[in-house]
Amino acid sequence: NAGVMQNPRHLVRRRGQEARLRCSPMKGHSHVYWYRQLPEEGLKFMVYLQKENIIDESGMPKERFSAEFPKEGPSILRIQQVVRGDSAAYFCASSPPTSRYEQYFGPGTRLTVT
Amino acid sequence: DQQVKQNSPSLSVQEGRISILNCDYTNSMFDYFLWYKKYPAEGPTFLISISSIKDKNEDGRFTVFLNKSAKHLSLHIVPSQPGDSAVYFCAASVASGTYKYIFGTGTRLKVLA
């Protein structure tokens, strides 16, 4: 059973460009969480999704950030018009429907905005 | 507002000795606590967890203690091994919510051979 997959692992964008980060949860997992880790800080919750639904986006910046988890395919975290302050590691975690305390993390996408 | 705090950014321990990592929280609604280990350029890996109805949970070399009255938990690693060198994050969650984790800022553990 493959773990949580994230791609790309590294992404470089110029200011003003769009960044798309993908997350494929573990097989059988229907819950996806996105977290962001800024340099020298802990991980901070951004958004929680189930298939086709955003359940909690309280940690997501109000502008430029959006997330989706379609019926088919990976979850996508999209950042429009990136700024230097968006440079961070973005981690996705998935959990099974029967044990939502268990979150399994992917390797992360390191976004660098130049 | 930092609801979960790890006040020691780093800790060095001799191989074979005990490592004690501490974590404090402020939100009394938290009812589940976890410790994750993280190596550079990798995602966090689950280590051990504890429910608020317990005060101790043990798994091999790892033991987590929870003191609800003090809103404090600690992770004990004994004996410590060089492969334990990593950043350790504690996290807390609320069962009645969305199960999202609130993480501390991490403690970098270095086990010296």
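Residues numbered from 1 in each chain as written. Chains lettered and ligands numbered in written order. Predicted model: local features only at pLDDT ≥ 70, side-chain atom pairs only at ≥ 80, totals over all residues. Heavy atoms only, no water.

Trainee: I would appreciate a short explanation of the state of the cysteines in the present structure.
Mentor: Linking two cysteines covalently via their sulfur atoms produces the bond known as a disulfide. The tally for this structure, following the rule as stated, stands at two disulfides over all chains. Covalently, C23(A) is tied to C92(A) through a disulfide, its sulfur atoms 1.7 Å apart. As the torsion about the S-S bond is roughly -40 degrees, the C23(A)-C92(A) disulfide counts as left-handed. In this pair, C23(A) sits in strand β3 (residues 19–24) while C92(A) sits in strand β9 (residues 88–95), placing the two residues 69 residues apart along the sequence. Take C92(A): its relative accessible area is 0%, and that puts it in the buried class. Between the sulfur atoms of C23(B) and its disulfide mate C90(B) the distance is 1.9 Å. As the torsion about the S-S bond is roughly 60 degrees, the C23(B)-C90(B) disulfide counts as right-handed. Note that C23(B) is positioned in strand β3 (residues 19–25) and C90(B) in strand β9 (residues 86–93), a separation of 67 residues in sequence. (Disulfide = S-S within 2.5 Å. Helix = DSSP H or I, 4+ residues; strand = E, 2+ residues; numbered from the N terminus. Buried < 20%, exposed > 50% of the residue type's maximum accessible area, 1.4 Å probe, protein only.)

Trainee: It is not clear to me how the layout of surface pockets should be interpreted in this structure. Could you clarify?
Mentor: Any empty space left between the atoms is revealed when a probe the size of a water molecule rolls over them. In this structure, the largest pocket encloses a volume near 520 Å³. Along the walls of the largest pocket sit 23 residues, with Q37(A), E40(A), E41(A), V87(B) and R108(B) positioned nearest its centre. Elements that contribute at least two residues to the lining of the largest pocket include exactly β9 and β11 (109–113) of chain A together with β9 and β11 (107–112) of chain B. Considering every element that reaches the lining of the largest pocket, the biggest residue donor is β11(A), with three residues. Across the lining of the largest pocket, the residue classes tally to eleven nonpolar, seven polar and five charged. Taken as a whole, the second largest pocket encloses approximately 290 Å³ of empty space. Around the second largest pocket sit 15 residues that line it, and L43(A), K44(A), F45(A), Y101(B) and I102(B) are the ones nearest its centre. Elements with a contribution of two residues or more to the lining of the second largest pocket: β5 (43–50) of chain A together with β10 (102–103) of chain B. (1 Å grid on protein atoms, 1.4 Å probe; cavity = no way out; pocket = protein on both sides within 12 Å on 5 of 7 lines; lining within 4 Å. Points joined across faces, edges and corners; volume = space filled by probe spheres on them. Nonpolar A, V, L, I, M, F, W, Y, C, P; charged D, E, K, R; others polar.)

Trainee: Mind showing me how you'd approach the interface of chain A and chain B here?
Mentor: Where interface size is quoted, it is often the accessible area lost as the parts come together. Contacts between chain A and chain B engage 21 residues on the former and 22 residues on the latter. Buried surface at the junction of chain A and chain B, both sides included, amounts to about 1,700 Å², of which 59% is carbon and sulfur. Of all residues in chain A, L43(A), Y101(A) and F105(A) give up the largest surface area on contact with chain B, accounting jointly for 39% of the area buried on that side. Counting the contacts that link chain A with chain B gives one salt bridge. Residue K100(B) is joined to D56(A) by a salt bridge in which the shortest nitrogen-to-oxygen separation is 3.3 Å. Our count for the chain A to chain B interface comes out at eleven residue pairs in polar contact (both at pLDDT 80 or more). (Contact = heavy atoms within 4.5 Å. Buried area = accessible area lost by both parts, 1.4 Å probe. Salt bridge = Lys/Arg side-chain N within 4 Å of Asp/Glu carboxyl O. Polar contact = N/O pair within 3.5 Å; in protein donor to acceptor, adjacent residues only side chain to side chain.)

Trainee: Help me understand the pattern of salt bridges, please; the structure alone is not making it clear to me.
Mentor: Side chains that carry opposite charge are capable of pairing whenever their charged atoms lie near each other. Residues and elements named next belong to chain A. In the structure shown here, the tally under the stated rule is seven salt bridges over all chains. Of the charged contacts, one joins R20 and E18 as a salt bridge, the two residues approaching to 2.9 Å between their closest N and O atoms. On the basis of relative accessible area, R20 is assigned to the partly exposed category, the value being 36%. For E18, a relative accessible area of 30% corresponds to the partly exposed category. Look at the salt bridges and you will find they share partners, linking E18, R20 and R78 into a network.

Trainee: Looking at this structure, how should I read a nonpolar patch on the surface?
Mentor: All names here are of chain B. A surface patch of nonpolar side chains, amounting to about 230 Å² of accessible area, comprises I18, I20 and V78. Tracing the backbone shows I20 in strand β3. You can call I20 partly exposed: its relative accessible area is 37%. (Patch = residues over 30% accessible without salt bridge, like charges linked within 9 Å, V, L, I, M, F, W, Y side chains within 5 Å. Areas by Shrake-Rupley, 256 points an atom, 1.4 Å probe, with all protein chains shown as cover.)

Trainee: Got a minute to help me understand the nonpolar core in this structure?
Mentor: In summary, soluble globular proteins display a tendency toward joint burial of nonpolar side chains. Ranked by size, the top nonpolar core spans 24 residues in total, and within it F33(B), W35(B), L73(B), L75(B) and Y88(B) carry the most contacts. Breaking this core down by element, the ones donating at least two residues are β3, β4 (32–38), β5 (45–51), β7 (62–67), β8 (72–77), β9 and β11 of chain B. Looking at this core element by element, the count peaks at four residues for β9(B). By size, the runner-up hydrophobic cluster in this structure holds 23 residues, among which are L11(A), C23(A), M46(A) and M60(A). (Core = buried A, V, L, I, M, F, W, Y, C linked by side-chain atoms within 4.5 Å.)

Functional significance is not addressed by these values, which are geometric in nature.
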